[in-house]
Amino acid sequence: MAEYNRVSECVGLITLRNPPVNALSAAVRQGIVDTVQRALSDPNVKSVVICGQNGIFCGGADIKEFRSNMTGPPLIPMIHAIESANKPVVAAIEGSALGGGLELALGCHYRIAHSKARLGLPEVSLGLLPAAGGSQRLPRLIGVPAALNLITTGRHVTAAEALQLGIVDQVTDHNTVAAAVKFALSVAGRSLDPRRISTHPCPQQPDLDALFEEVMQKVRQSARGAIAPIACVQAVRAAATLPYAQGMERERELMATLFTSGQARALQYCFFAERAVGRWRMPSGARWDTSKPRPVHKAAVIGLGTMGRGITVALAQTGLSVIAVETQEKQLMEAKQAISGMLERGAKGRGVAPALDGVIYSQNIQAVADVDLVIEAVFEDIALKTKVFQQLSAVCKPGTLLCTNTSALDVDQLASETPNPELVVGMHFFAPAHVMKLLEVVYGPRSSPQAVATAMQLGKKMGKASVAVGNCRGFVGNRMLKPYIEEAFFLLEEGATPELVDQALEEFGFPMGVFRMSDLSGLDVGWRVRKGDGLVEPGTASGRSARIRQGRRYSPLGDLLCEEGRFGQKTGRGWYQYDKPGSRVARFDPWLHSFLGAYRAQHGLVARRIDHQEVLERCLYALINEGFHILDDGIAAGPEDIDVIYVSGYGWPRHRGGPMFYANMVGLAKVLERLEHYQQLHPEVPHLQPSSLLRRLVASGSPPIHKWGEAIKKLHSQL
Ligand SMILES: CC(C)(COP(=O)(O)OP(=O)(O)OC[C@H]1O[C@@H](n2cnc3c(N)ncnc32)[C@H](O)[C@@H]1OP(=O)(O)O)[C@@H](O)C(=O)NCCC(=O)NCCSC(=O)C[C@@H](O)CCCCCCCCCCCCC(=O)O
């Protein structure tokens, strides 16, 4: 709701009250309508100030209301009433003015912001556009190019940038409401016509058509199938080319299409899922709100290869003091240079001083004796990691948290090598660790809730989407990736090409298909794992039996490429060819295609025509099926955990909400039916055998995703 007070005798002060972000719920909108009316009809009031309680102006429309029929006064007439008021209305912006919050402020005649405030129209990231006049007012206020940039990216700007762009009229370091009241008094009685943004034309812009064409092309490329950014461009174009009333009509039409789209539902689901994963729970019943994290002032990283360097940077950027340990002198020197460079570039981008002094380098593991938390990031080898954990247990002060950065190794096995297994958790970072958003915090059966709480809090401080997951081979992300990759290999055996598979997945919205991704990350990574699993055999055998290993279908294609020294981009050859080792542009490779032909002939396989639909169903449903197994095993607390992992760390298109949300959208019965279909065709492929949870959900009428919990044995989900 909104509270009304008269201050400084003649200023009506309206305070939005709807914690935590003063979202414009029906009650708040009603409150604004009523209090504005009251201020305008009070002859003692000369001007009006609108602010938000608790240091935040307004986080925009109440996104939760979008899920049901909306009631209460609509935003557009409410903002119009403010703009057409005959007394000056000033927005006092502290904290955030986002989406509908900024649109409300744009309806005011003046805007005063605190220097720490952030402003923006982030609707695009929710699959929407600024549909309370924002797409029409912002271009009129700051010009088409700047408005296009803000509206299509959804980026937040600082108060300083907002001042420079002309979004706000004044920035203060002091009490914003007091500054706004003073300002409101100073402008009382002035003509408001020049201040009504909707009455202005957009500032002149040469070559408008060329500009829109260029931006549309750019947006289409980066949107990877998302429709909201395109609608945003169309709405701004309406602002630039049509009178305001017609522009508003176009804004309404575009919003109506977006509002009911699956993409908007998916993106809004992602917004809430990202927040829900912070409220973690463990199968033991331990949870985020009853587990106190330990303070971490000083941390250490062991092993300064690619991962260790990124982790050191991510830690140092939080302001922690970091001991970075590397036993090899040459490697240590190189790492020092690389880390300093990353810190300097990162600091430049954020306009702050680099935290170079925050990192102390050492060749000696004894240097970590007094740290609060250690992240071991040595080579992915259980024997080596065990040795490091034993050393750490002997060196570290009592109570130090020992974390392992591993992508698949058994966290519990490592914990068993220490006298205090409750202090051990996995922290699975993704390369480059200072850039990638995802962190899997892996708890073993003996990890203490306090250890999990500490790692989760540290992840949050590093700006990561941190998800607590149970300990199993590959945890959540890599465990689900295995059937996805295997299906892609099987498709090649059956007649597909890397180009076809990648195109299908990229059109779905992945930034890279499975084979381009494999070339980027290195084919040798999976080869090493398969060797460790005893799956790799010399490539001379032929026929079906050569492709059944450990009782299930196996494709040795990846192994055969590795035997040829084709490790991907780093060797200049993989599933594609590259101009030179390290080049990034994947090109069609005739060798690979004759190799595939020869391989099929050797194994008596007849290539058939495979379409995009089959690629998507086999790769994605196999991955989703594993997700259902993971939920049933209690490795992930809920579908939202899996979805956040896939959207933040594996390139799953955000506008499709993550694999489990996607399954829900496609229809669980359909996913089950297609898995059964493919399982019948490929009975020797266990990952196509539908999970019992999927069957149970379908049998119980395919409930919506937030009700899956009732069918999950080990539920500890939050949504
Ligand atoms: C504001 C933040 C930056 C704060 O960040 P912080 O880190 O401090 O906190 P959290 O992010 O953890 O949030 C705390 C808490 O608050 C919840 N929350 C945050 N924002 C909102 C919100 N806007 N609504 C509801 N709830 C919110 C959050 O979920 C947390 O709670 P939880 O329980 O989950 O932990 C940060 O929160 C942030 O960035 N917020 C989102 C800002 C944003 O995106 N704003 C834009 C909202 S959309 C909007 O404003 C739309 C408007 O342009 C126009 C609306 C017009 C509507 C008209 C509808 C017409 C429909 C036409 C259909 C026609 C169909 C037909 O014709 O049939």
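Just so it is clear, the model here is predicted, and its values are computed rather than measured.

Teacher, can you tell me more about the pairing of strand 6 (residues 110-114) here?
Extensive coverage of strand 6 is indicated by the burial of five of its five residues. Where strand 4 (residues 89-93) lies against strand 6, four bridges are found, and the strand directions are parallel. What sits directly across from Ala92, in strand 6, is Ile112. Of the strand pairs in this sheet, strand 6 and strand 9 (residues 170-172) are connected by three bridges, and their pairing is parallel. By the bridge assignment, His114 is partnered in strand 9 with Thr172.

Sorry if this is basic, but what is going on with the sheet that holds strand 17 (residues 465-470) here?
Within a sheet, neighbouring strands are paired by backbone hydrogen bonds and run either parallel or antiparallel to one another. The sheet built from eight strands is open, its strands ordered 12-11-10-13-14-15-16-17 with mixed pairing. Strands with a single pairing partner mark the edges of an open sheet, and in this sheet they are strand 12 (359-362) and strand 17. Geometrically, the sheet is characterised by an average inter-axis angle of 25 degrees between neighbouring strands, direction not taken into account. Packed on one face of the sheet, helix 13 (residues 329-350) meets strand 11 (321-325) and strand 12 and runs near 170 degrees to strand 12.

When you look at the packing of helix 4 (residues 134-142) against helix 10 (residues 244-259) in this model, what are you seeing that I'm missing?
Between helix 4 and helix 10, the shortest axis-to-axis distance is 9 Å and the interhelical angle comes to 135 degrees. Relative to helix 10, the element helix 4 is oriented oblique. Contacts between helix 4 and helix 10 involve Gly134, Ser135, Gln136, Arg137 and Arg140 from the former and Tyr244, Gly247, Met248 and Glu251 from the latter. Its residues assigned to classes, the contact of helix 4 with helix 10 shows two nonpolar, four polar and three charged.

Quick question: what am I supposed to make of helix 22 (residues 590-602) here?
Side chains that are three or four residues apart share a direction in an α-helix, a result of its 3.6 residues per turn. Its 13 residues give helix 22 an end-to-end C-alpha distance of 18 Å, which sits within 8% of 18 Å, the value for a rise of 1.5 Å per residue. Of the surrounding secondary structure, the elements contacted by the buried residues of helix 22 are helix 17 (477-494), helix 18 (498-508) and helix 21 (557-563). Sitting at the amino-terminal end of helix 22 is Asp589, which places a side-chain oxygen 3.0 Å from the backbone nitrogen of Trp591.

Help me understand the UniProt feature "domain: 3-hydroxyacyl-CoA dehydrogenase C-terminal" (unreviewed entry) in the protein, please; the structure alone is not making it clear to me.
Within this structure's numbering, the places UniProt gives as "domain: 3-hydroxyacyl-CoA dehydrogenase C-terminal" (unreviewed entry) are residues 474-578 and 615-701. In the segment residues 615-701, helix accounts for 68% and strand for 0%; the C-alpha atoms at its two ends are 27 Å apart.

I'm lost on the site of the ligand in this one. Help?
Taken together, 27 residues form the shell around the ligand, and within it Ala61, Gly100, Glu103, Glu123 and Arg275 come nearest. Here an oxygen atom of the ligand sits 3.0 Å away from a polar atom, N or O, in the side chain of Arg279. If the ligand stood free it would expose 1,300 Å²; the protein chains cover 69% of that surface. Per element, the largest residue contribution to the shell around the ligand is three residues, and it comes from helix 11 (residues 262-276). Taken together, the residues of the shell around the ligand sort by class into 17 nonpolar, five polar and five charged.

What is the right way to look at helix 20 (residues 523-532) in this model?
Those residues of helix 20 lying buried are Leu523, Asp524, Trp527 and Arg530. In an axial view of helix 20, the angular spread of the buried residues amounts to 120 degrees, which keeps them on one side of the axis. Its buried side turned inward, helix 20 meets helix 19 (514-521) and helix 21. Directly after helix 20, the chain includes Gly534, whose backbone phi takes a positive value near 75 degrees.

How should the sheet that holds strand 6 be read in this particular structure?
Read across the sheet, six strands follow the order 1-2-3-4-6-9 without closing on themselves; strand pairing throughout is mixed. Each edge of the sheet is formed by a strand with only one pairing partner; in this case those strands are strand 1 (2-7) and strand 9. Along the sheet, successive strands turn relative to each other by an average axial angle of 20 degrees, direction set aside. Of the pairings in the sheet, the one linking strand 3 (residues 47-52) to strand 4 comprises three bridges and is parallel in character.

So, how was this worked out
Every chain is numbered independently, its residues counted from 1 as its sequence is written. Where totals are concerned, whole chains, interfaces and linings use all residues; where local detail is concerned, this predicted model gives features only for residues with pLDDT of at least 70, and gives and counts side-chain atom pairs only at 80 or more. Hydrogens and water are ignored here; the side-chain numbers use all heavy atoms of the structure. Burial classes: relative accessible area under 20% of the type maximum marks a residue as buried, over 50% as exposed, and values in between as partly exposed (1.4 Å probe, protein chains only). Secondary structure elements follow DSSP: runs of H or I no shorter than four residues count as helices, runs of E no shorter than two count as strands, and numbering proceeds from the N terminus. Only strands joined by at least two bridges in the DSSP assignment are considered to pair. Fitting a line to C-alpha atoms yields each axis, with helices limited to the stretch in contact; the angle taken between N-to-C directions then spans 0 to 180 degrees. We call two residues contacting when some pair of their heavy atoms lies within 4.5 Å. Here is the rule for angles: anything less than 35 degrees is roughly parallel, anything more than 145 is roughly antiparallel, 65 through 115 is roughly perpendicular, and the remaining ranges are oblique. When residue character is reported, Ala, Val, Leu, Ile, Met, Phe, Trp, Tyr, Cys and Pro are called nonpolar, Asp, Glu, Lys and Arg charged, and the others, Gly included, polar. Multiplying one less than the number of residues by 1.5 Å gives the expected span of a helix. Any N or O atom pair separated by 3.5 Å or less is treated as a polar contact, with the protein-specific requirement of one donor-capable and one acceptor-capable atom, and with residues adjacent in sequence counted only for side-chain atom pairs. UniProt positions are given in the numbering used here, feature names are shortened, and annotations may be inferred rather than shown by experiment. Near is defined per residue: the residue qualifies when any heavy atom it owns lies within 4 Å of the molecule or strand. Here the Shrake-Rupley method, with its probe set to 1.4 Å, supplies the accessible areas, and only the displayed protein chains count as covering residues. This arc describes the spread of directions from the helix axis toward the C-beta atoms.

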